[in-house]
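Analysis of the macromolecular model
What follows is each chain in one-letter form.
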Amino acid sequence: MISNSLIELDRRHLVHPVTAYREHEKRGATVLTSASGIHVQDSTGKRYLDGFAGLWCVNAGYGQQSIVDAAAKQMAELPYATGYFGFSNEPAILLASQLTELAPGTLNHVYFALGGSDSVDSAVRFTQYYCNAIGKPEKRHFISLEMGYHGSSTTGAGLTALPAFHAGFNVPLPNQHKIPSHYSYRNPVGEDPQAIIAASVQALRDKVTALGGPDHVAAFICEPVQGSGGVLVPPKGWLPAMQAACRELDILFIIDEVITGFGRIGPLFGSEVESLEPDLMTVAKGLTSGYAPMGAVFLSDRIYDTIADHAGKNAVGHGFTYSAHPVSAAVGLATLRLYTEGGLLESGQHAGARLMSRLAELAGHPLVGEVRGISMLAGIEVVASKETRELFAPDVAIGARLATASLDNGVIFRAFANGTIGLAPSLNYTPDDIDELVARVKKSLDDVLEQPEVRSALVS
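We now turn to the structure provided with this report. (Residues numbered from 1 in each chain as written. Predicted model: local features only at pLDDT ≥ 70, side-chain atom pairs only at ≥ 80, totals over all residues. Heavy atoms only, no water.)

Concerning the pairing of strand S8 (residues 252-256)
For S8, a buried count of five out of five residues is recorded, marking the element as mostly surrounded by other parts of the structure. Side chains of S8 alternate between two faces, with Leu252, Ile254 and Asp256 and Phe253 and Ile255 buried alike. With four bridges joining them, strand S7 (residues 217-222) and S8 adopt parallel strand pairing. When the sheet's bridge partners are listed, Phe220 is paired in S8 with Phe253. Here three bridges tie S8 to strand S9 (residues 280-283), and the two strands are oriented parallel to one another. Across the sheet, Asp256 pairs through a bridge with Thr282, a residue of S9. (Buried < 20%, exposed > 50% of the residue type's maximum accessible area, 1.4 Å probe, protein only. Helix = DSSP H or I, 4+ residues; strand = E, 2+ residues; numbered from the N terminus. Pairing = 2+ DSSP bridges.)

Side note on a nonpolar patch on the surface
There is a patch of nonpolar side chains on the surface, built from Tyr80, Leu114 and Tyr322 and spanning about 280 Å² of accessible area. Here Leu114 shows up in the loop between strand S4 (109-113) and helix H6 (116-133). Classification of Leu114 by relative accessible area gives partly exposed; the value is 33%. (Patch = residues over 30% accessible without salt bridge, like charges linked within 9 Å, V, L, I, M, F, W, Y side chains within 5 Å. Areas by Shrake-Rupley, 256 points an atom, 1.4 Å probe, with all protein chains shown as cover. Salt bridge = Lys/Arg side-chain N within 4 Å of Asp/Glu carboxyl O.)

Regarding the packing of aromatic side chains
Following the criterion strictly, the structure yields ten aromatic pairs and no others. Ring centres of Tyr149 and Phe165 lie 5.1 Å apart, and the angle between their planes is 65 degrees; on these two criteria the pair is classed as edge-to-face. With Tyr149 in the loop between strand S5 (141-145) and helix H7 (154-159) and Phe165 in the loop between H7 and strand S6 (176-179), this residue pair connects regions lying 16 residues apart in the sequence. Residue Phe165 is classed as buried on the basis of its relative accessible area of 14%. (Phe/Tyr/Trp six-rings, centres within 6.5 Å; stacked < 30°, edge-to-face > 60°.)

Focus: the sheet that holds strand S15 (residues 421-423)
Taken in spatial order, the four strands of this open sheet run S11-S12-S15-S14, and their pairing is antiparallel. Looking along the sheet, the strands with just one partner apiece sit at the ends: strand S11 (368-374) and strand S14 (414-415). Judged from the six bridges that link them, S11 and strand S12 (residues 377-382) form a sheet pairing that is antiparallel. When the sheet's bridge partners are listed, Val371 is paired in S12 with Ile380. The sheet strands contacting helix H14 (residues 431-449) are S11, S12 and S15, and the helix crosses S15 at an angle near 170 degrees. (Contact = heavy atoms within 4.5 Å. Axes fitted to C-alpha atoms, helices over the stretch in contact; angles between N-to-C directions.)

The quantities given are spatial measurements derived from coordinates; they are silent on function.
So this is what it looks like as structure tokens:
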């Protein structure tokens, strides 16, 4: 009775993110009520293996008591402190200090936001301020990748290159531009890594030229792995090559680590995989393991010093009420301790190796075109034809079928509309947990394969 009441209230009043509202009203919500370890439970008592860490974010897993205790203690001592007017608070100071000690390059300055979208917005604003500060106000254009995701705020949604985030919202903005993704499984130049790298570098150069040259382009932004675009992993060497091109072109190189940060693809920061040194870097999600809202922008010494020197005695007019929130910062500190002192990073790396190994066994499944990923971030692209790589027609609704099958089998994964399965388990998965996750994913694929509508849509 309580469950039905909540579902009806949800239907009437709660607006959900990235949802077909009328379809959601028909279906009704799955109301989650509790979580522990790697499982969540709904209001009917059904238990699910969470293979997506909430929304790529609960990297530490559920029920970490040290994080809960840190939040409760801080809530009792100092539940809020503004960062305006020269005020600060101990958890935020310590978190900024510890993060910068671990960050790549000279990213020695941190601005705290509330999540990924406003971290990207903040990075854009800092970039624009920097370009004005160096006396190049015409450097206003931003370049991102097709199939990239950089949030759903007005600014971030324009940098994002996924149709659902543009439709009806009057974005991208006039100063936001795209170049093709490195997407190797469907790249026009083929799958050769060097060909893909060369094509991407040339596409960046060509786009800069088309926009009037480096004096008109502020920055290039990309993810170490394109998450919401379908877990698209660039060829080895792609990221350093794009960084080098940005340096040569005199445009800033911004790395968006909202998904890849905090052990998701192995090290604490994804930029470490290929020794990147971005000018700015955004993080969120795993920063607090989703236990409290928080994001951050890292600024290199050059960016920070230029902004600070230019402003002089004038305020830099960018800020949020909840920036450097003490409770979120305390949660961040406790989470960071679990990654480092608590051994979660190492645990996640071992689990990630097993995940990729076990997922490789699914490559022969009749529905699987490609298995891809790195450590605890993986994608399985479902196709109607393994030979031609043809996708299922939209009216088959393969993504919705996979999503339904996953819940029937007690596992949560991301079912993209085109049929790609996204996996992002928390770092506390054991080898047995990984095996169970892969088994449930396979069962979901098998169940969908047996559906007559899917069988008839296969292309031989």
